[in-house]
Amino acid sequence: MTSSAMSGPVPHMPGAAAPPPAKSSTEGRSWLSALLFLLPTGLLLGVFLVYPTIYTILLSFDRGRRGEFNKFLGLDNYVTLFTKDPNFIDFSQFPPSGALFNNILWLVFYTSIVIIFGLVIAVMASRVRYESIIKSVVFLPMAIAATALAVIWRFVYAPDAKTGLLNAVLDVVHVGPISWLGNPGFVNASLIAVGIWGSVGFATVILSAAIKSISAEIMEAARVDGANEIQIFRRIILPMVSLPISVLAVTLTVNVVKLFDLVYVMTLGGPGTSSRVIAFTMYQEAFPGGLFGKGAAVAVVMLIIMIPVMLFNIRRFRTESVT
Amino acid sequence: MSDSPEVPGGLVNREGPSTLSGRILERLNKTPIHIGLGIVAVIWLAPTIGLLVTSFRPRSDIQATGWWETINTLRFTTENYSSVLNAQGMLQAFVNNIIISVPSTILPLVIGSLAAYAFSWIKFPLRDTLFLTVIALMMIPAQVAFIPILQLFAQVGFTRNFMGIWLTHTAFALPFGIFLLRNFFITLPKDLIEAARIDGASRFGIFRTIVVPLSVPAIAAYGIFQFLWVWNDLLMALVFVQEPRNWPLTRQISTLLSQYGTEWNLLAAGAFLLMIVPLVVFFSLQRYFVQGLLAGSVK
């Protein structure tokens, strides 16, 4: 996120700097030394990222028994996923269901609520003296493993009003007890709430830095001109945080696509298959399930979803290099 | 890696109104903010404090009442910790976490900074194209690589020891690490590096004596980020650590959860064991930690 601040001046842009004096003699050797510096990276990325990506794309067109190529199926794995597997996506009823649809729920609710809460908390905290304490408190879950978050919230969601914090609170107003993780109607909302709880601190810290970069003079001038707090928020703060928000939205989207640990530990995709997400489906189909071709197809779906993010990052890097 | 810029004043009007009535008015104006932030603090603290308290309660208490009832019972025990550490193999899992995390942090730091140096201070053909490829690789989900990597590891037995998880964590950390470190390296003063070149320093000499020492803050932030990333990981451990005696805490806890859904006392202690190292890092190195995470947000 602070990468933009980090990149700063770019001394080595082509044409920007005068060539070193002894150009002809160093050019050949610099090529060789670059190769040495890049060799370990090249080997690791080639073996563990580039080759596997090509292999998985090809495997997604195969039955892939034991992870090997044994029967070419064309697009069958994809057709199965999108039309015959209600655990992946089921359009036959409304609202739709399935892992991919759950990712869409996550995308819509998790992303927007994290940003809204982050913005509200950042603005509120900027008005008080204990700002840094509040930010630390909200940021704390970022340090904790999703596995530990899952255990923490299994306690909060315990279905018994005597032991579960949330049901105990609701019991005061004579509601429930509700089986937050055991009821297919509640489970996704309950999981998304944990995700939000875990990520709001991140949004708060980023947006707080953006708000702080608004100069005091501008705020003062607006107040002197008679702007009220809501106008200041809409006309000054919101435009200033629109770029950080778009970067945040991309980051949170990546989180949603990769989401696995939380779902695995809290519900194992259940009850039934109602809280599955695509990263979980990939793991489940390929490893306990042994359906490697289908698992590969799910992985490729994840890859395709990531392509726009890839392009966004490349474009952002290009514009930063030019400026 | 810039700190949150400390613009003087910012939104906070530090002086405040001078008259008494003005001050009272301001207090009243801020009351909703204090209440709102109080609610935020409770929502973000209560679940974690609940887990901490629970982990010290006797098993029978945990099953009968919620942690907030401790105020009435005031019964505490360390029995949960001794039983997860001894009987449930958590001590070994804790050691495994260290065995997995340390090399998986050092390897990408070393290999990544070498590559980042080449991308920032050596001219070679296709440099920009290769760097854009690295940025693109940053977005490849680990799932895409699982099946072929497991095929490779099966031939050399890397899932039976720690080699598999070290190598996979290292490879998947590299694109982001290179991106982050290169962005820092290019901000180093050009004159310094050119002068060293003219004095006859080798490229590796410049890397070791100038670039690395000047980049300690960036390297530390990235190191902490990567260490916690690996420490907290479950997915890679599920796929690439197949011997139960090599399992890290995350995997041990998730097994505990499915085996004994009702052994809440063990779960609470186990989860807190998993949280201790990240919490210590968070409170002692908060600045680097926040910077690393913020920079890591593009990952």
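Residues numbered from 1 in each chain as written. Chains lettered and ligands numbered in written order. Predicted model: local features only at pLDDT ≥ 70, side-chain atom pairs only at ≥ 80, totals over all residues.

## What about the overall build of chain B?
Reasoning step 1: Secondary structure assignment for chain B yields 15 helices and zero strands.
Reasoning step 2: Here chain B, with 299 residues, has 51% of them falling under the buried criterion.
Reasoning step 3: Residue pairs in contact within chain B that sit at least 24 positions apart in sequence constitute 75% of those at least 6 positions apart. (Helix = DSSP H or I, 4+ residues; strand = E, 2+ residues; numbered from the N terminus. Buried ≥ 20, exposed ≤ 12 C-beta atoms within 10 Å, placed from the backbone. Contact = placed C-beta atoms within 7 Å.)

## Brief notes about the overall build of chain A
Reasoning step 1: Looking only at helices and strands, one finds 14 helices and zero strands in chain A.
Reasoning step 2: Along the chain direction, N to C, the helices and strands of chain A fall in the order α-α-α-α-α-α-α-α-α-α-α-α-α-α.
Reasoning step 3: Taking 20 Å as the expected radius of gyration for a compact globule of 323 residues, we find that chain A reaches 25 Å, considerably beyond that expectation.
Reasoning step 4: In terms of principal-axis extent, the alpha carbons of chain A reach across some 80 × 75 × 35 Å.
Reasoning step 5: Expressed as a percentage of its 323 residues, the buried residues of chain A come to 46%. (Rg over C-alpha atoms; globule rule 2.2 N^0.38 Å.)

## Let's talk about the domain arrangement of chain B
Residues and elements named next belong to chain B.
Reasoning step 1: One can read the domain layout of chain B as domain 1 (20-77) and domain 2 (87-298).
Reasoning step 2: With centres defined by C-alpha atoms, the gap from domain 1 to domain 2 works out at 35 Å.
Reasoning step 3: The interface is formed by seven residues belonging to domain 1 together with six residues belonging to domain 2.
Reasoning step 4: Among the secondary structure elements, those contributing two or more residues to the side of domain 1 that touches domain 2 are helix H1 (20-55) and helix H2 (59-64).
Reasoning step 5: Here the side of domain 1 that touches domain 2 gets four residues from one element, more than from any other, and that element is H1. (Domains from an automatic or database assignment.)

## Remarks on the domain arrangement of chain A
All names here are of chain A.
Reasoning step 1: For chain A, the domain assignment lists domain 1 (41-93 + 277-323) and domain 2 (99-272).
Reasoning step 2: A straight line from the C-alpha centre of domain 1 to that of domain 2 covers 29 Å.
Reasoning step 3: Contact with domain 1, which involves 15 residues of that partner, is made by 16 residues of domain 2.
Reasoning step 4: Those elements that place two or more of their residues in the side of domain 1 that touches domain 2 are helix H13 (278-286) and helix H14 (292-322).
Reasoning step 5: When residues in the side of domain 1 that touches domain 2 are grouped by element, the largest group, six residues, is from H13.
Reasoning step 6: For the side of domain 1 that touches domain 2, the class distribution of residues is 12 nonpolar, three polar and no charged. (Nonpolar A, V, L, I, M, F, W, Y, C, P; charged D, E, K, R; others polar.)

## Here we look at unusual backbone geometry
All names here are of chain A.
Reasoning step 1: Cis geometry marks the peptide bond from Phe94 to Pro95; its omega dihedral reads -5 degrees.
Reasoning step 2: Relative to the elements of secondary structure, Pro95 occurs in the loop between helix H3 (76-84) and helix H4 (99-125).
Reasoning step 3: In this structure, Leu268 takes a positive phi of about 50 degrees despite not being glycine.
Reasoning step 4: With respect to the secondary-structure elements, Leu268 resides in the loop between helix H12 (261-266) and H13.
Reasoning step 5: Judged by C-beta crowding, with 16 C-beta atoms within 10 Å, Leu268 ranks as partly exposed.

## Overview of helix H7 (residues 165-172) of chain A
Residues and elements named next belong to chain A.
Reasoning step 1: Leu166, Asn167 and Ala168 are the residues of H7 that are buried.
Reasoning step 2: Next to the buried residues of H7 lie helix H6 (146-156).
Reasoning step 3: With its phi angle positive at about 60 degrees, His174 sits one or two positions after the end of H7.

## Re the interface of chain A and chain B
Reasoning step 1: On the chain B side, the residues contacting the 91 residues of chain A number 91 residues.
Reasoning step 2: Here the side of chain A that touches chain B gets 18 residues from one element, more than from any other, and that element is helix H2 (residues 23-59) of chain A.
Reasoning step 3: Residues that form the side of chain A that touches chain B fall into these classes: 66 nonpolar, 20 polar and five charged.

## Some thoughts on the nonpolar core
Reasoning step 1: Membership of the largest hydrophobic core comes to 186 residues, with the highest contact counts inside it found for Leu262 and Met302 of chain A together with Ala271 of chain B.
Reasoning step 2: Per element, the largest residue contribution to this core is 15 residues, and it comes from helix H8 (residues 184-212) of chain A. (Core = buried A, V, L, I, M, F, W, Y, C linked by C-beta atoms within 7 Å.)

## Notes on the environment of Ala189 of chain A
Residue and element names in this part refer to chain A.
Reasoning step 1: Checked against the element boundaries, Ala189 lands in helix H8.
Reasoning step 2: Taking the C-beta count within 10 Å as the criterion, Ala189 has 13 such neighbours and is therefore assigned partly exposed.
Reasoning step 3: A C-alpha to C-alpha distance of 12 Å links Ala189 and Asn103, two positions 86 residues apart in sequence.

## Here's the deal with the environment of Phe153 of chain B
All names here are of chain B.
Reasoning step 1: Residue position: Phe153 is located in helix H7 (residues 143-156).
Reasoning step 2: As a C-alpha pair, Phe153 and Ser101 span 52 residues in sequence and 19 Å in three-dimensional space.
Reasoning step 3: Ignoring any residue separated from it by four or fewer positions in sequence, one finds Phe153 in contact with Phe158, Thr159 and Gly164.

## Points about the packing of H8 of chain A against helix H11 (residues 242-258) of chain A
All names here are of chain A.
Reasoning step 1: Interhelical geometry of H8 versus H11 gives an angle of 160 degrees and a closest axis separation of 10 Å. Considering their axes alone, H8 and H11 lie roughly antiparallel with respect to each other. Taken as a pair, H8 and H11 cross one another with a handedness that is right-handed. Every residue of H11 that contacts H8 at Ser199, Ala203, Ile206, Leu207 and Ala210 is listed here: Pro244, Leu248, Leu252 and Asn255.
Reasoning step 2: When grouped by side-chain class, the residues that make up the contact of H8 with H11 number seven nonpolar, two polar and no charged. (Axes fitted to C-alpha atoms, helices over the stretch in contact; angles between N-to-C directions. Parallel < 35°, antiparallel > 145°, perpendicular 65-115°, else oblique. Left-handed = near helix turned anticlockwise from the far one by under 90°.)

## Looking at the packing of H6 of chain A against helix H14 (residues 264-284) of chain B
Reasoning step 1: Across the interface, H6 of chain A lies against H14 of chain B with an axial gap of 9 Å and an inter-helix angle of 145 degrees. Crossing geometry of H6 of chain A relative to H14 of chain B is assigned as left-handed. Side by side, H6 of chain A and H14 of chain B meet where Thr147, Ala148, Val151 and Ile152 of chain A of the first sit next to Leu267, Ala271, Leu274 and Met275 of chain B of the second.
Reasoning step 2: Grouping the constituent residues of the contact of H6 of chain A with H14 of chain B by class yields seven nonpolar, one polar and no charged.

## So, H14 of chain B
Residues and elements named next belong to chain B.
Reasoning step 1: Its 21 residues give H14 an end-to-end C-alpha distance of 30 Å, which sits within 8% of 30 Å, the value for a rise of 1.5 Å per residue.
Reasoning step 2: Along its length, H14 reaches its greatest deviation from straightness, about 35 degrees, at Ile276, and the proline Pro278 lies no more than four positions downstream.
Reasoning step 3: With 15 of its 21 residues buried, H14 lies for the most part within the structure. (Expected span 1.5 Å × (residues − 1). Bend = angle between axes of the 7 residues up to and from the residue.)

## Some words on the confidence of the model for chain B
Residues and elements named next belong to chain B.
Reasoning step 1: Mean pLDDT for chain B: 86, with 89% of residues reaching 70 or above.
Reasoning step 2: Summarising per-element confidence for chain B, the mean pLDDT is lowest in helix H15 (residues 286-295) (70) and highest in helix H12 (residues 235-240) (96).
Reasoning step 3: A low-confidence stretch, residues 1-15 stays under pLDDT 50, and its non-local contacts, those more than four residues away or across chains, total 33 contacts.
Reasoning step 4: ipTM for the predicted complex: 0.87, alongside a pTM of 0.87. (pLDDT = per-residue confidence, 0-100.)

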